[in-house]
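Working through the structure, step by step
Chain by chain, the residues:
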Amino acid sequence: MHRGAEPSTPDAALLERLRALVGAEHDAMLALIDRLAASADAAETGRLRAENAALRAQIQALDLHASYEAWFNATFATNLRTPNTWPFTTFEIGTPWCDKVVYGMQDGEFLFAEHLIEQLDAAGIAGDIVEFGTAGGTWIKTLASIIERRQNGRRLWGFDSFQGLPEPDPVRDGGIWHAGQYAASLEEVSQAVGAGRRPFLTLVAGWFQDSLARAPATAIASIAYARIDSDLYASAVDCLRYLAPRLVDGAILVFDDWQFSLNHGETLAFREWIGTQPDLEFEFLGMNMWAHLYLRVRRRG
Ligand SMILES: C[S@@+](CC[C@H](N)C(=O)[O-])C[C@H]1O[C@@H](n2cnc3c(N)ncnc32)[C@H](O)[C@@H]1O
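Keep in mind that this is a model prediction, so the values were computed, not measured. (Residues numbered from 1 in each chain as written. Predicted model: local features only at pLDDT ≥ 70, side-chain atom pairs only at ≥ 80, totals over all residues. Heavy atoms only, no water.)

**Thoughts on the nonpolar core**
Threshold: Buried Ala, Val, Leu, Ile, Met, Phe, Trp, Tyr and Cys residues that are joined via side-chain atoms within 4.5 Å together make up what is termed a nonpolar core. We call a residue buried when its accessible area falls under 20% of the maximum for its residue type, exposed when it is over 50%, and partly exposed in between, using a 1.4 Å probe and counting protein chains only. Helix and strand assignments come from DSSP, with helices taken as H or I runs of at least 4 residues and strands as E runs of at least 2, each series counted from the N terminus. Where each domain begins and ends follows an automated or database-derived domain assignment. Only heavy atoms enter the contact rule, under which two residues are in contact if any of them lie within 4.5 Å.
Membership of the largest hydrophobic core comes to 68 residues, with the highest contact counts inside it found for F76, F132, F159, Y225, L253, W258 and F270. Looking at this core element by element, the count peaks at 7 residues for strand β5 (residues 247–255). Residues lining this core come from more than one domain, with at least three contributed by each of domain 1 (10–76) and domain 2 (96–299). Ignoring any residue separated from it by four or fewer positions in sequence, one finds F270 in contact with W71, T75, F76, L240, F255, W258, F282 and L295. Grouped together as the second largest cluster of nonpolar side chains are 10 residues, L15, L55, I59 and A66 included.

What follows is the structure, given as structure tokens:
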């Protein structure tokens, strides 16, 4: 929401009021600083200038927050509140209650994924299932089990460097991740996910910028379900570029590391990408406490 624009939701209206209050305080303080400067009270002026800079930073943060929410609202026709904790639980990570909440939620998400694949099968929406970023294999194993249970004949692909994350971008990735994080070897993961006894599953090693530009990736024509779990902005850019011509009408697109910011990570990659995809529309299906965003893709025309 920009200054002067009509707030479109109760949250946006609240943010706008907060922005106006902080803005008024900031302006009043500037006027006071000017008066003090005229009377040459240097110490007091310096203290107030520091306080004023903090207020300015607060205003900038509110503006960024408001523009992110306005963009999300406009893009997905959904007023989704930005949480003030991550994950969205007050239980400390690693404690037994947090584990129960987190893994209970993960089980719920596995069921949701199966439900979506069941819908794809029932609607006759053909296409492979792809995960970008398999790490130790938790999700690819789950997707493989769903395919087996449903006997739907879909192919499953897992792309990863099998060396962990590449070097994050210090600005666009916001200092959360580090190079080599989540490293798990191809042999280790193949064994963990039973690739040898699952002929419909292929794990493909390499950096996305290389592996997605050559066979077997280039031979995949249609994708009905894609999970982007590669954390970083540049990695998501590679995945989305690859997916653009392959996502079928009705496909499911999942972001495992959605950022509540227009300028970071997968959110930035998606925001830039949709600007280049006039034929695609996105229906918001849901988001869980790990900021896993589920979308349905529609092809116009
Ligand atoms: C958070 S982990 C994935 C977790 C996994 N989906 C699971 O179910 O446990 C992120 C993975 O993305 C991979 N990755 C990120 N960027 C990549 C890139 N540009 N090329 C290849 N692999 C990448 C990393 O190697 C890492 O294994």
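Still to come is the rest of the account.
**Description of the packing of aromatic side chains**
As a reminder, the rule being used: Under the pairing criterion, centres of Phe, Tyr and Trp rings, with the six-membered ring standing for Trp, must be within 6.5 Å; the plane angle then separates stacked pairs below 30 degrees from edge-to-face pairs above 60, leaving the rest tilted. Two thresholds decide whether a charge sits over a ring: the Lys NZ or Arg CZ must be within 6 Å of the ring centre and within 35 degrees of the ring normal.
All told, the structure shown has 24 aromatic pairs when counted by the stated rule. Note on F76 and F284: the rings are 6.5 Å apart at their centroids and 45 degrees apart in plane angle, and the pair reads as tilted. In this pair, F76 sits in helix α2 (residues 42–76) while F284 sits in strand β6 (residues 280–287), placing the two residues 208 residues apart along the sequence. Ring centres of W273 and F282 lie 5.9 Å apart, and the angle between their planes is 55 degrees; on these two criteria the pair is classed as tilted. An identical accessibility class is assigned to W273 and F282; each is buried. Through pairs of rings, three or more aromatic residues link up here, namely Y68, W71, F72, F76, F255, W258, F260, F270, W273, F282 and F284. If you follow K100 out to its NZ or CZ, it ends over the ring of W97, 5.8 Å from the centre. When the ring centre of W139 is taken as origin, the NZ or CZ atom of R227, which lies over that ring, is 4.1 Å away.

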